[in-house]
Amino acid sequence: MHTIRQIIIKGDFFDCQLYKNNLYLWDMEGFLHVYDWNRIYYTFTEVIPSRIVRGGVKALERFRLGRPVDVPGGYFPTDTAFMGEYLYTATEQGVYRGYAHKITKEGRFSTSARPTKYFGDIVPVSLSVNSRNNQLSISAGDDGLFEVNLSQYNPTVGLQTIDQKRRIYKVSGKNAIRSRYVHSSLYSTNAQLDKTLHFFEIDRQGDLISRRYMRDFSYLDILREKTDYFSSDKRYSSISRITKKGVETYPLYHGRVRRIGKPLYSLKDSVSKPSSVEPSELGTFIETDNGLFILGRGSRMVICNRPISRWRLFRKEANTFFLFVILEETIEIHEITKL
Amino acid sequence: MNISIHTIKILKRQYTMPNAIAQKQFPFSFNVSDSTNPTVETSVDVTYSPNPQHRSGVKPKSIWDSGITEEMEFDIFKVAMENKWYRTKEVTYQKKKYHVFLSPNGRGWGFLQENGKFKVLGKLNTNDGRNDPVRFCVFEEGNPNVWHGYPADFKRNQDRPTKNVLKIWRDNNYIEKHDIKKIIGGSVCTL
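Predicted model, so just to flag it, every value in this text is computed and none were measured. (Residues numbered from 1 in each chain as written. Chains lettered and ligands numbered in written order. Predicted model: local features only at pLDDT ≥ 70, side-chain atom pairs only at ≥ 80, totals over all residues. Heavy atoms only, no water.)

Draft legend 1. Inspection of the overall build of chain A at higher detail. In terms of regular secondary structure, chain A is built from 3 helices and 32 strands. In terms of C-alpha radius of gyration, chain A reaches 20 Å, essentially the compact-globule figure of 20 Å for 339 residues. Classification of the 339 residues of chain A by burial places 53% in the buried group. In chain A, the share of contacts with a sequence separation of at least 24, taken over all contacts with a separation of at least 6, comes to 46%. The positive charge centre, built from 50 side chains, and the negative charge centre, built from 37, are 4 Å apart in chain A. (Helix = DSSP H or I, 4+ residues; strand = E, 2+ residues; numbered from the N terminus. Rg over C-alpha atoms; globule rule 2.2 N^0.38 Å. Buried < 20%, exposed > 50% of the residue type's maximum accessible area, 1.4 Å probe, protein only. Contact = heavy atoms within 4.5 Å. Lys, Arg positive; Asp, Glu negative; His and termini not counted. Charge placed at Lys NZ, Arg CZ, Asp CG, Glu CD.)

Below, the structure is given as structure tokens:
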């Protein structure tokens, strides 16, 4: 994999999303700005493949869509996610929902300026979306792990219902700070960086299809019984966690007989302390206290050697991705191809 | 004598609450924006009353470092309140939004810096055996206008500073943006 184009935007931003060719940027003052991403991309990469854009919000003014809108809660968001035309914002007061973008009768672009509280009574710390099935997971620290399941075809069975109308379920009462979807199940990380698979099975009874919660698997249980589940639809994947020795990775090869040997270690004896390890379609992203790099199959790509605030990956084409990295005073956008 | 569950709960609460009579008391006044008219300031009188449970080692209460005296605890509290490092609530006054001091159930956060570095204020003492050193503390208004504080565990939802406080700390160069992400992400107990 290698970077083919790069745009660096100078500005004080806390979060970003790329959704339906629009760039959503959240600043530190509690405003959401929306821009036409295609125009930004072609304007800044047409002549030279690498460009530094100074001036932050002012420099992007000509690409703006709609007015800046207030972030619910009044400050920068804890996390954000798009699902089914709606923007979900995690704040200290709970999760808010508002329409993501709407074209008004006058043909103007508009993002909801008054999102409504969708789920209060918790302090969410991160969101994750399964856009294929309209499911949103909400990791809420000590409050536990929750899910909004808006799927028409996969109603949830076997979990405590928090709100029937809004289809909010409690997946686990144990601490969760991050989670992601693996097929129809949820894979969560707690504050101690231990991982758990909350395993669901699709239950078919005639025409009725439901998604039934079965049980939790610890990281060690997964290595013993569930590695096939993680490697079922890709030629190569991996399962990783942070240990005292560094980042432990078990490579998984689809189609081969399951045989778990010794793990590979990255950042062994390194002065950089890993803080998160998350797989993606580009490889395994390892975030440390002073940088970010991607661990691929037999390759390692350093993205930056400075502390990062957040990274987000979006697919451009089959093997091309946009990686957004938010730093103290800039956003770096890397267009990366997977060889 | 019949003692109802309700009475036991009250007795238990009284037993675990800091005893305002036996403990040291530090009276203190500071200015906050008025909640009915946030354009003017009003004075708030409070008492800081250190909770001995955060010095006794009883689990799961975090423990102040022996080098941090109760007087120093109070000094950190004063700095926190004077600099508005407390939880706020949003009020609308003449169509403008303001963030004002929240009380009762107030919360505030503080730290001590030495040569530009955060000083260790104490350590955790959790039931699951975590005893990491911590560099921040949280203050809570246990009873109306009576506050106490303890070393904070950012992995706990209620110990994490609110965003208005994090923003003030960043604007004053105490922390950086990636520190904010770490704190609100719940993955670290301290910086």
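Draft legend 2. Spatial organisation of the overall build of chain B. Of regular secondary structure, chain B possesses 5 helices and 12 strands. Each of the 191 residues in chain B was classed as buried or not, and the buried ones make up 45%. When the accessible surface of chain B is split by element, carbon and sulfur atoms take 49% of a total near 10000 Å². (Areas by Shrake-Rupley, 256 points an atom, 1.4 Å probe, with all protein chains shown as cover.)

Draft legend 3. Fine view of the sheet that holds strand β1 (residues 26-33) of chain B. Residues and elements named next belong to chain B. Strand order in the open sheet formed by 5 strands is β1-β2-β12-β11-β6, with mixed pairing between adjacent strands. The open sheet has two free edges, formed respectively by β1 and β6 (107-111), since each of these has just one partner strand. Between one strand and the next, the sheet's axes are offset by a mean angle of 40°, whatever the strand orientation. Where β6 lies against strand β11 (residues 136-143), 5 bridges are found, and the strand directions are antiparallel. For R107, the partnering residue across the bridge sits in β11 and is E140. Packing of helix α3 (residues 70-82) onto the sheet brings it into contact with β1, β2 (41-48), β6, β11 and β12 (146-151), and relative to β1 it is tilted by some 10°. (Pairing = 2+ DSSP bridges. Axes fitted to C-alpha atoms, helices over the stretch in contact; angles between N-to-C directions.)

Draft legend 4. Expanded view of the packing of aromatic side chains. Under the criterion given, the structure shown has 40 aromatic pairs over all chains. A centroid spacing of 4.0 Å and a plane angle of 10° characterise the contact between A:F285 and A:W311, whose relative ring orientation is stacked. With A:F285 in strand β27 (residues 284-288) and A:W311 in strand β30 (residues 310-317), this pair connects stretches of sequence that are 26 residues apart. For A:W311, a relative accessible area of 18% gives the class buried. Judged by centre distance (6.0 Å) and plane angle (90°), the ring pair of B:F28 and B:F74 falls under edge-to-face. One end of the pair, B:F28, is in strand β1; the other, B:F74, is in helix α3, and 46 residues separate them in sequence. (Phe/Tyr/Trp six-rings, centres within 6.5 Å; stacked < 30°, edge-to-face > 60°.)

Draft legend 5. Spatial organisation of the pairing of strand β1 (residues 2-10) of chain A. Bridge count for β1(A) against strand β32 (residues 330-337) of chain A is 8 bridges, and the pairing is antiparallel. By the bridge assignment, A:I8 is partnered in β32(A) with A:E332.

Draft legend 6. Layout of helix α5 (residues 177-184) of chain B. Among the 8 residues that make up α5(B), 6 are buried, leaving the element largely enclosed by the rest of the structure. Listing the buried residues of α5(B) in full gives B:K177, B:H178, B:D179, B:I180, B:I183 and B:I184. Contacts from the buried residues of α5(B) go to β2 (13-19) and β31 (320-326) of chain A together with α4 (163-171) of chain B.

Draft legend 7. Quick peek at the side chain of B:H54. Residues and elements named next belong to chain B. Note on placement: H54 falls in helix α2 (residues 53-56). At 2.8 Å, the side chain of H54 and the backbone oxygen of S62 are in polar contact. The contacts of H54, once residues within four sequence positions are left out, are K61, S62, I63, W64, H148, G149 and Y150. (Polar contact = N/O pair within 3.5 Å; in protein donor to acceptor, adjacent residues only side chain to side chain.)

Draft legend 8. Examining the pattern of salt bridges more closely. All names here are of chain B. Following the criterion strictly, the structure yields 37 salt bridges over all chains and no others. When the shortest N-O distance is used, the salt bridge between D75 and K78 registers 3.6 Å. With a gap of 3 residues between them, D75 and K78 both fall in helix α3, about one helical turn apart. Of the residues examined, K78 reaches a relative accessible area of 26% and is grouped as partly exposed. (Salt bridge = Lys/Arg side-chain N within 4 Å of Asp/Glu carboxyl O.)

Draft legend 9. Spatial organisation of the interface of chain A and chain B. With 34 residues of chain A at the interface, the matching set in chain B holds 25 residues. Between chain A and chain B the total buried area reaches about 2400 Å² when both faces are included, carbon and sulfur atoms providing 52% of it. For the pair chain A and chain B, the interface holds 5 salt bridges. Linking B:K177 and A:D12 is a salt bridge whose minimum nitrogen-to-oxygen distance equals 3.2 Å. On the surface where chain A and chain B come into contact, there are 16 residue pairs in polar contact (both at pLDDT 80 or more). Of the residues belonging to the side of chain A that touches chain B, the class tally is 16 nonpolar, 9 polar and 9 charged. (Buried area = accessible area lost by both parts, 1.4 Å probe. Nonpolar A, V, L, I, M, F, W, Y, C, P; charged D, E, K, R; others polar.)

Draft legend 10. Region of interest: the environment of B:V46. All names here are of chain B. Relative to the assigned elements, V46 resides in strand β2. Classification of V46 by relative accessible area gives buried; the value is 4%. C-alpha separation for the pair V46 and P27, spaced 19 residues apart in sequence, amounts to 5.9 Å. Among all residues touching V46, those that are not within four sequence positions of it are F26, P27, F28, F30, F77, N145 and W147.

Draft legend 11. Representation of the environment of B:V44 in the model. All names here are of chain B. Mapped onto the elements, V44 comes out in strand β2. Along the backbone, V44 and D34 are 10 residues apart, and their C-alpha atoms lie at a distance of 9.8 Å. Those residues in contact with V44 that sit more than four places away from it in its chain are F28, S29, F30, V32, F101 and N145.

Draft legend 12. Region of the structure containing helix α3 (residues 219-230) of chain A. Along its 12 residues, α3(A) runs just 12 Å from first to last C-alpha, ending more than 12% under the 16 Å computed at 1.5 Å per residue. Looking only at α3(A), the buried set comprises A:Y219, A:D221, A:I222, A:L223, A:K226, A:T227, A:Y229 and A:F230. (Expected span 1.5 Å × (residues − 1).)

Draft legend 13. Region of the structure containing unusual backbone geometry. For the bond from B:K59 to B:P60, the omega torsion is 0°, close enough to zero to count as cis. Relative to the helices and strands, B:P60 is located in the loop between α2 and β3 (63-64). Cis rather than trans, the peptide bond between B:S103 and B:P104 has omega equal to 0°. In this fold, B:P104 is placed in the loop between β5 (96-101) and β6. Backbone geometry at A:N21 places phi at a positive 65°, although glycine is not the residue there. Locating A:N21 in the fold gives a position in the loop between β2 and β3 (22-27).

Draft legend 14. Highlighting the nonpolar core. Counting 40 residues, the largest nonpolar core has B:F30, B:F77, B:M81 and B:W169 as the members making the most contacts within it. When contributions to this core are tallied by element, the ones reaching two or more residues are β1, β2, α3, β6, β11, β12, α4 and α5 of chain B. With 5 residues, the top contributor of residues to this core is α3(B). Ignoring anything within four residues of it in the chain, the contact list for B:F30 reads B:T42, B:S43, B:V44, B:V46, B:M81, B:Y86 and B:F101. Among the nonpolar cores identified, the runner-up in size contains 21 residues, and A:W37, A:I40, A:F324 and A:I331 belong to it. (Core = buried A, V, L, I, M, F, W, Y, C linked by side-chain atoms within 4.5 Å.)

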